[in-house]
Amino acid sequence: MRIKQSLCFPMMVKEVPDYDKLFGAAAEIGFAGVELWGRNDDFPQIVQAAAGHKLVVCSMVGHTSKHGGLNLPSAHDRIEQELRESIDIAADCGMPGLICLSGNRNAGQSDEQGADATAECLNRVAPHAEKKGVNLNIELLNSKVDHPGYQADHTAWGLAVCRKVNSPRVKLLYDIYHMQIMEGDIIRTIRDNIQWIGHFHAAGVPGRGDPDASQELNYAAICKAIAQTSYGLYFGLEYKPAGEMINSIRRTFAVCDQCG
């Protein structure tokens, strides 16, 4: 199976882009999808422009976390409403997955209690996600460099939540950049847990730059390992390009363009 790559353009552009031009270039390079972080006023235009170039809008953030994430019980009512709305929107435009965020560790709450609270919130919306065919992907982020205090900062914690919910629509967004910083052992972890992974993000370590020879990860080997599994969803490039963006994503696409 060949890796289906997606372009996370909010990381790569400093102002609102010409979507038709950007997505046309992405399609010409070989990308299968595009993704964004949130649903803004340009969302209908993004969906239309992507469809015009046969690209799938494959991921967006499903709920806000500024005032607490999935691990905060007092935020559950709000998050449930936001996720239900996002699930409906995702289903309507053919988006396979939504990003879900644990939030930061809460005072007096153990990691196990945080996992229980996160699972409780996801249990509220998992049946609706199953009905609509949309994955709820818990994003794994590093708490060492970029997101101090974030709770879903190790694969084991995210897996514990997935198992507690035990829904085919509750999975992990396995961000390779973040997990390299926190724990390494990337290829073995992916192979052992691929059934729980609903989306990937990729960037160079350190610095979140181009996945090239200047950083420590072997993305060609990682992508080949993914292509040799049963995984059939998207592999998102979410990094800060060095130099001109189109040339950068063309080079990175070629590195990650692996098949099993």
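Residues numbered from 1 in each chain as written. Predicted model: local features only at pLDDT ≥ 70, side-chain atom pairs only at ≥ 80, totals over all residues. Heavy atoms only, no water.

### Here's the deal with the packing of helix α1 (residues 19-29) against helix α9 (residues 245-256)
Stage number 1. In contact at an axis separation of 10 Å, α1 and α9 are set at 25° when each is read in the N-to-C sense. When the axes of α1 and α9 are compared, the pair comes out roughly parallel. Helix-helix and strand crossings are classified by hand; for α1 and α9 the assignment is right-handed. Together, Leu22, Ala25, Glu28 and Ile29 of α1 and Met245, Ile246, Ile249, Arg250 and Phe253 of α9 make up the contact between the two elements.
Stage number 2. Looking at the contact of α1 with α9 residue by residue, the class counts come to seven nonpolar, no polar and two charged. (Axes fitted to C-alpha atoms, helices over the stretch in contact; angles between N-to-C directions. Helix = DSSP H or I, 4+ residues; strand = E, 2+ residues; numbered from the N terminus. Parallel < 35°, antiparallel > 145°, perpendicular 65-115°, else oblique. Left-handed = near helix turned anticlockwise from the far one by under 90°. Contact = heavy atoms within 4.5 Å. Nonpolar A, V, L, I, M, F, W, Y, C, P; charged D, E, K, R; others polar.)

### Side note on empty space enclosed by the protein
Stage number 1. Within the structure shown, the criterion is met by one cavity of 30 Å³ or more.
Stage number 2. Estimates place the volume of the largest cavity at around 40 Å³.
Stage number 3. What lines the largest cavity is Cys58, Ser59, Pro96, Gly97, Asn135, Asn137, Gly198, His199 and Leu233.
Stage number 4. Of all elements in the fold, only β3 (56-61), β5 (135-139) and β7 (197-202) reach the threshold of two or more residues within the lining of the largest cavity.
Stage number 5. Class assignment for the residues of the lining of the largest cavity results in three nonpolar, six polar and no charged. (1 Å grid on protein atoms, 1.4 Å probe; cavity = no way out; pocket = protein on both sides within 12 Å on 5 of 7 lines; lining within 4 Å. Points joined across faces, edges and corners; volume = space filled by probe spheres on them.)

### Examining the layout of surface pockets
Stage number 1. Computed from the structure, the largest pocket encloses a volume of approximately 430 Å³.
Stage number 2. Every residue lining the largest pocket is counted, 23 residues in all, and those nearest its centre are Ser65, Leu101, Glu139, Leu141 and His147.
Stage number 3. A breakdown of the residues in the lining of the largest pocket according to their chemical character gives seven nonpolar, 10 polar and six charged.
Stage number 4. Within this model, the second largest pocket holds a volume of roughly 210 Å³.

### Notes on helix α2 (residues 43-52)
Residues lying three or four places apart along an α-helix face the same way, a consequence of the helix completing one turn every 3.6 residues.
Stage number 1. When we look at burial in α2, the residues that qualify are Phe43, Ile46, Ala49 and Ala50. End-on view of α2: buried residues confined to an arc of 130°, all on one side of the axis. Looking at α2, the residues exposed on the side facing more than 90 degrees away from the buried face are Pro44, Gln48, Ala51 and Gly52. (Buried < 20%, exposed > 50% of the residue type's maximum accessible area, 1.4 Å probe, protein only. Arc of directions from axis to C-beta.)

### A short note on α9
Stage number 1. Taking 1.5 Å as the rise per residue, α9 with 12 residues should run 16 Å; its terminal C-alpha atoms sit 16 Å apart, in good agreement.
Stage number 2. Turning to α9, its buried residues number three or more, namely Met245, Ile246, Ser248, Ile249, Thr252, Phe253 and Cys256. All buried residues of α9 lie within an arc of 155° about the axis, which places them on one face of the element.
Stage number 3. Check the buried side of α9 and you find it contacts β1 (4-8), α1, α8 (219-227) and β8 (234-237).
Stage number 4. For α9, the capping residue at the N-terminal end is Glu244, with a side-chain oxygen 3.2 Å from the backbone nitrogen of Ile246. (Expected span 1.5 Å × (residues − 1). Polar contact = N/O pair within 3.5 Å; in protein donor to acceptor, adjacent residues only side chain to side chain.)

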